[in-house]
Amino acid sequence: MKEKAVILDPPAINRALTRIAHEILERNKGTDDLILVGIRTRGIPLAERLRQKINDIEGVEVPIGDIDITLYRDDLTHVSEKQEPTVKQTEVNTNINGKKVVLVDDVLYTGRTVRASMDALIDLGRPAQIQLAVLVDRGHKELPIRADYIGKNIPTSQEEIVVVTLSETDGTDLVSIYQK
């Protein structure tokens, strides 16, 4: 793979997350009944960063959780035909019934990860609302899913890959486009 362009550097990622935090607070009129749930893997540190930004703005620590969608994927046979999927733990230690849940992920592409996340979330309870926050929306949806909060829209071709690296998981913050 060949890197074509850096789309977001560390300060741009920080600004995008600050904006998303403000938008979440504005749309939900504060933090009442709000829960952030990060989708494994990079959605978890993004949710934690949003939680910190909301705390900095409102002085309230919003409940947070993380969700593993491995067993909810509709492409398991395509992803891992030769090996068993690795299932990690889902941790949502707050009752989600009647709450406003913001799912957080790094890249919105086909919408299948988000669909699987909603299925996993519904197995935990019945939220009043499910909202979606993503750092990058790259287009090419296969399902009628759209993000409520978007850090950056990046129109891409099918021949391109959006790579998000975060300091918590990868040692650095960067969003780049690579050519397949």
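Looking up the protein chain in an unreviewed UniProt entry gives the name Bifunctional protein PyrR, with the organism given as Amphibacillus marinus. Per UniProt, the protein chain has the following entry under Sequence similarities (unreviewed entry): "Belongs to the purine/pyrimidine phosphoribosyltransferase family. PyrR subfamily." In its Subunit (unreviewed entry) section, UniProt records this for the protein chain: "Homodimer and homohexamer; in equilibrium."

**Things to note about the pattern of salt bridges**
Opposite charge on two side chains allows them to pair when their charged atoms are near. Evaluated as defined, the whole model comprises 13 salt bridges. Residues Arg40 and Asp66 are paired through a salt bridge, measuring 3.1 Å at the closest nitrogen-oxygen approach. A residue pair is termed long-range when its members are at least 10 positions apart, and Arg40 in the loop between β2 (34–39) and α2 (43–58) and Asp66 in strand β3 (residues 64–67) qualify at 26 residues. The class of Asp66 is buried, set by a relative accessible area of 12%. We note a salt bridge from Arg115 to Asp119, for which the minimum N-O separation is 2.4 Å. Taken together, the residues span about one helical turn, with Arg115 and Asp119 both in helix α4 (residues 112–122) at a distance of four residues. Judged by its relative accessible area of 33%, Asp119 is partly exposed.

**Observations regarding the sheet that holds strand β1 (residues 2–8)**
Strands belonging to one sheet form pairs held by backbone hydrogen bonds; the direction of such a pair is parallel or antiparallel. A sheet is described by the order of its strands in space; here three strands give the open sequence β1-β8-β7, paired in antiparallel fashion. Of all strands in the sheet, those with a lone pairing partner are β1 and β7 (160–165), marking the two edges. On average, each strand axis in the sheet is inclined to that of its neighbour by 25°, with strand direction left out of account. By the bridge criterion, six bridges tie β7 to strand β8 (residues 174–179) in an arrangement that is antiparallel. Of the residues in β8, the one forming a bridge with Val164 is Val175.

Thresholds, definitions, all that
- Residues numbered from 1 in each chain as written.
- Predicted model: local features only at pLDDT ≥ 70, side-chain atom pairs only at ≥ 80, totals over all residues.
- Heavy atoms only, no water.
- UniProt positions renumbered as here; feature names shortened; annotations may be inferred.
- Salt bridge = Lys/Arg side-chain N within 4 Å of Asp/Glu carboxyl O.
- Helix = DSSP H or I, 4+ residues; strand = E, 2+ residues; numbered from the N terminus.
- Buried < 20%, exposed > 50% of the residue type's maximum accessible area, 1.4 Å probe, protein only.
- Pairing = 2+ DSSP bridges.
- Axes fitted to C-alpha atoms, helices over the stretch in contact; angles between N-to-C directions.

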